[in-house]
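Structural description and commentary
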Amino acid sequence: MASPRDHPSGERNKQPILDVLVRVLPPDGTVLEIASGTGQHCVHFARALPKLVWQPTETDAECREAIRARLRATQLANVREPLALDVCDDSWPLVAADAIVCINMIHVAPWSATVGLVKHAGQLLVAGKPLILYGPYKRGGRHTAPSNEVFDASLRARDPTWGIRDLDDMTTLAKRHGFGQPDAIAMPANNLTVVFRRD
């Protein structure tokens, strides 16, 4: 049963995302999750993939407390205490990871946040390790669905620095920081899971 802090979209997409993660994550090691929100996804993934250790992070103190409450309720041994992490900071509170997962952050943050995320991912991940991004993307400068175009306009109306990013721009940025060509996996509701691997 969903908790009062669960987001309906998170309930809908957590299993499709997990279905991809099962295929693309390493069998063990540490997964760094960026912008974990209230931990809804992290707990679902950790329960299904007990050989992986999950490190949630979140800039918002209330969200970090919500993650702690969720961890107390679930008693999962493979989820660490949430860390405060701003992707734009020069230093991160972690020096290595075996994978990085970021769900639904890139379109609700300035482009500088995406740059910070990819730059630090290039420093933390060794060859072959994945940076996994989920959300809506343009392809070749075009929206993939009319609903995404409407959503993009609503995001930019709320904050001009937000908006759906183009996968070509993401690929160019990722290559600059040591990643190869992405594997873009179609998801429900006109989203993509984009998997970059460190060269």
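In what follows, the structure referred to is the one given above.
Summarised in this report is the structure supplied together with it. In this text the structure is predicted, and so the values were computed from the model without any measurement.

Once that is clear, we can look at helix H3 (residues 61-74). With 14 residues, H3 extends 20 Å from end C-alpha to end C-alpha; this agrees with the ideal 20 Å at 1.5 Å per step. Taken residue by residue, H3 has Cys63, Arg64, Ala66, Ile67, Arg70 and Leu71 as its buried positions. For H3, the angular spread of buried residues about the axis comes to 155°, placing them on one side. Relative to its buried face, H3 has exposed residues pointing more than 90 degrees away, namely Glu62, Arg72 and Ala73. The first or second residue beyond H3 is glutamine 75, which carries a positive phi of 60°.

One pass over the structure, following the stated rule, counts four salt bridges. The partner of glutamate 65 in a salt bridge is arginine 72, and the shortest N-O contact between them spans 3.3 Å. Salt-bridge contacts for arginine 156 lead to aspartate 152; the nearest nitrogen and oxygen are separated by 3.0 Å. Taken together, the residues span about one helical turn, with arginine 156 and aspartate 152 both in helix H5 (residues 146-158) at a distance of four residues. Three or more residues joined by partner-sharing salt bridges are found here, namely Glu65, Arg68, Arg72 and Glu81.

Here the focus is the packing of helix H4 (residues 111-124) against helix H6 (residues 167-176). The geometry of H4 relative to H6 is characterised by a closest axis approach of 9 Å and an angle of 40° between their N-to-C directions. Considering the angle they form, H4 stands oblique to H6. Like other packed secondary-structure pairs, H4 and H6 cross with a definite hand, here right-handed. Judged by residue contacts, Trp111, Thr114, Val115 and Val118 of H4 engage Asp169, Met170, Leu173 and Ala174 from H6. A breakdown of the residues in the contact of H4 with H6 according to their chemical character gives six nonpolar, one polar and one charged.

Rules and cut-offs
- Here the residue index of a chain counts from 1 through its sequence in written order.
- In view of the model being predicted, local features appear only for residues whose pLDDT reaches at least 70, and side-chain atom pairs are presented and counted only at 80 or more, with totals across whole chains, interfaces and linings using the full set of residues.
- Values shown for side chains rest on all heavy atoms present in the structure; no hydrogens or waters enter the calculation.
- Helix numbering and strand numbering both begin at the N terminus, where a helix is a DSSP run of H or I of at least 4 residues and a strand a DSSP run of E of at least 2.
- One fewer than the residue count of a helix, multiplied by 1.5 Å, yields its expected span.
- The rule is simple: take the accessible area with a 1.4 Å probe, protein chains only, and divide by the maximum for that residue type; under 20% is buried, over 50% is exposed, in between is partly exposed.
- Here the arc refers to the directions that run from the helix axis out to each C-beta atom.
- Salt bridges are identified by distance alone: a Lys or Arg side-chain nitrogen within 4 Å of an Asp or Glu carboxyl oxygen.
- Between N-to-C directions, angles cover 0 to 180 degrees, with each direction set by a line fitted to C-alpha atoms, over the stretch in contact for helices.
- The labels follow the angle: roughly parallel below 35 degrees, roughly antiparallel above 145, roughly perpendicular from 65 to 115, and oblique for the rest.
- With the far helix as reference, a near helix turned anticlockwise by less than a right angle produces a left-handed crossing, and one turned clockwise produces a right-handed crossing.
- The contact criterion used is simple: two residues touch if any of their non-hydrogen atoms lie within 4.5 Å.
- Three categories are distinguished: nonpolar for Ala, Val, Leu, Ile, Met, Phe, Trp, Tyr, Cys and Pro, charged for Asp, Glu, Lys and Arg, and polar for the others, with Gly belonging to the last.

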